[in-house]
Amino acid sequence: MSTNAAGQPKRIGVFGGSFDPPHNAHLALAKAALEQFNLDVLHVIPTGHAWHKARVLSAPEHRLAMARLAFGNIERVVVDARELQRLGPTFTLDTLKALQTENPGCQLYMFIGADQFMSFGRWHQWREILEIAIICIADRTESALTQTEFDIYAPHNPRFLILKLPLMPFSATQIRQMMASGAATAEDARKFVPESVARYISHHQLYGTG
Ligand code: ATP
């Protein structure tokens, strides 16, 4: 049994994303997750081949480097590169199972935004995911979540919890577009991404900058 200092089963958070780039809402979510769920550790996991995203993602090394810059200084966060190292498509269930094997008896908490929750029923092996993890959902826009969305899963005895997070209604897509169009000055970019990430983006001329 994998226990924490209090002798209780380890509470392990999982926060996956393309992080292309990681932005301030991701950071706020990670910090809120650690605090509200009293996690022993939060694995921030850049996704490998994102089967559910139509767009080609930035190179894994850039996304990993930016995730390390963005999350690296938060205590109890581990930037976990395992999905980037896996060949072929990566599935959340495989990652959750691997974490369980590494930490026998732990409790897994998976963190997702409301947009991901809306499509959760189309995730690969979502039933098995519900069996092994508590799903914690952060809202992204006002009242996006209704009881009906939760009711669909009732027969599967899901464990859903809400992560309380002030709405931060912006996305990596908007940030990339702003940068590509030249609409964002370096000053603007800092409102949306950590300064180290803004510097990395312009140094490597990502998203049409430079
Ligand atoms: P993109 O616009 O490229 O699709 P994104 O901004 O949605 O990117 P992802 O890296 O895909 O960012 O998100 C990782 C996780 O963070 C997802 O579960 C997503 O729902 C959540 N998330 C992203 N932005 C927010 C936000 N503004 N508020 C709450 N959750 C968010």
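Okay, so let's go over this structure. Please read all numbers here as calculations on a predicted model, not as lab measurements.

What follows covers the overall build of the protein. The number of helices and strands found in the protein is 10 helices and 6 strands. Here the protein has a C-alpha radius of gyration of 17 Å; the compact-globule value for 210 residues is 17 Å, and the two agree. If you line up the protein on its principal axes, its C-alpha atoms span 50 × 40 × 35 Å. Going through the 210 residues of the protein one by one, you find that 49% of them count as buried.

Both the distance between ring centres and the angle between the ring planes are used here to describe each pair of aromatic rings. This structure, assessed with the given rule, holds 15 aromatic pairs. Aromatic pair Trp 126 and Tyr 153: ring centres 5.3 Å apart, planes at 80 degrees, arrangement edge-to-face. Remark: Tyr 153 occurs in the loop between α7 (147-151) and β6 (160-163) and Trp 126 occurs in helix α6 (residues 126-132); sequence separation between them is 27 residues. On the basis of relative accessibility, which here comes to 11%, the residue Trp 126 falls in the buried class. An angle of 75 degrees between the planes, with centres 5.0 Å apart, marks the rings of Phe 170 and Phe 192 as edge-to-face.

When you line up the elements, Thr 90 lands in the loop between α3 (82-85) and α4 (92-102). Assessed through its relative accessible area of 4%, Thr 90 is described here as buried. On a C-alpha basis, the gap between Thr 90 and Thr 3 in space is 28 Å, while along the polypeptide they are 87 residues apart.

The next point concerns the environment of Phe 120. Along the chain, Phe 120 turns up in the loop between α5 (114-118) and α6. Along the primary structure Phe 120 and Glu 149 are separated by 29 residues, whereas in three dimensions their C-alpha atoms are 10.0 Å apart. For Phe 120, the contacting residues outside a window of four places in its chain are Met 110, Trp 126, Ile 129, Leu 130, Ile 135 and Tyr 153.

One pass over the full model with this rule turns up 5 salt bridges. Between Asp 115 and Arg 140 there is a salt bridge; the shortest N-O distance is 3.1 Å. Here Asp 115, found in helix α5, pairs with Arg 140, found in the loop between β5 (133-138) and α7; they are 25 residues apart in sequence, far enough to count as distant. A salt bridge links Arg 199 to Glu 195; its shortest N-O distance comes to 3.6 Å. Of this pair, Arg 199 and Glu 195 are both found in helix α10 (residues 195-203), 4 residues apart, which corresponds to roughly one turn of the helix. Through salt bridges with shared partners, a single network forms among Asp 80, Arg 82 and Glu 102.

The rules behind each value
- Residues numbered from 1 in each chain as written.
- Predicted model: local features only at pLDDT ≥ 70, side-chain atom pairs only at ≥ 80, totals over all residues.
- Heavy atoms only, no water.
- Helix = DSSP H or I, 4+ residues; strand = E, 2+ residues; numbered from the N terminus.
- Rg over C-alpha atoms; globule rule 2.2 N^0.38 Å.
- Buried < 20%, exposed > 50% of the residue type's maximum accessible area, 1.4 Å probe, protein only.
- Phe/Tyr/Trp six-rings, centres within 6.5 Å; stacked < 30°, edge-to-face > 60°.
- Contact = heavy atoms within 4.5 Å.
- Salt bridge = Lys/Arg side-chain N within 4 Å of Asp/Glu carboxyl O.

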